[in-house]
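Notes for the structure review
Next come the chains, spelled out residue by residue.
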Amino acid sequence: MSEDQDAIDERIQDAGERGDLDELRRLADAGSSDAADQLIETATELGALDELRRLAERGNRDAAEQLAELTEE
């Protein structure tokens, strides 16, 4: 793994631990699928329905599934 990828992975992990949806969104929008996965996980944990809706509207099936689960309860 490259140093650049290591740095990105560290940023993703740190942002996830802090619940920093903005940072995760920036990394995901820059093309990081790991950041997108973490964004969905963190948004789900925080109950951030608007973020899950945004991702679902962009065609992210995982976000759509999480949104459906959260809104069923």
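Further up the page is the structure itself.
Described in the following lines is the structure provided in the data block. (Residues numbered from 1 in each chain as written. Predicted model: local features only at pLDDT ≥ 70, side-chain atom pairs only at ≥ 80, totals over all residues. Heavy atoms only, no water.)

**Section: the pattern of salt bridges**
Counted by the stated rule, this structure contains eight salt bridges. The residue Asp29 makes a salt bridge to Arg58 at a minimum N-O spacing of 3.1 Å. Of the two residues, Asp29 sits in helix α2 (residues 21-29) while Arg58 sits in the loop between α4 (49-57) and α5 (61-72), which places them 29 residues apart along the sequence. A relative accessible area of 49% places Asp29 in the partly exposed class. The class of Arg58 is exposed, set by a relative accessible area of 56%. Where salt bridges share partners, they join Asp22, Arg25, Glu51 and Arg54 into one cluster. (Salt bridge = Lys/Arg side-chain N within 4 Å of Asp/Glu carboxyl O. Helix = DSSP H or I, 4+ residues; strand = E, 2+ residues; numbered from the N terminus. Buried < 20%, exposed > 50% of the residue type's maximum accessible area, 1.4 Å probe, protein only.)

**Re the side chain of Thr44**
Tracing the backbone shows Thr44 in helix α3 (residues 33-46). With relative accessibility at 19%, the residue Thr44 sits in the buried group. With sequence-adjacent residues up to four places away left out, Thr44 is seen in contact with Leu52, Gln66 and Leu70. (Contact = heavy atoms within 4.5 Å.)

**Points about helix α1 (residues 3-18)**
With 16 residues, α1 ought to run about 22 Å at 1.5 Å a step, and its terminal C-alpha atoms sit 22 Å apart, in line with that. Of the positions making up α1, those classed as buried are Ile12, Ala15 and Gly16. An end-on view of α1 places all buried positions within 100° of arc, on one side of the element. Across from the buried face of α1, at angles greater than 90 degrees, the exposed residues are Glu3, Glu10, Glu17 and Arg18. Residues of α1 that are buried sit in contact with α2 and α3. Residue Gly19 follows α1 closely and has a positive phi angle near 70°. (Expected span 1.5 Å × (residues − 1). Arc of directions from axis to C-beta.)

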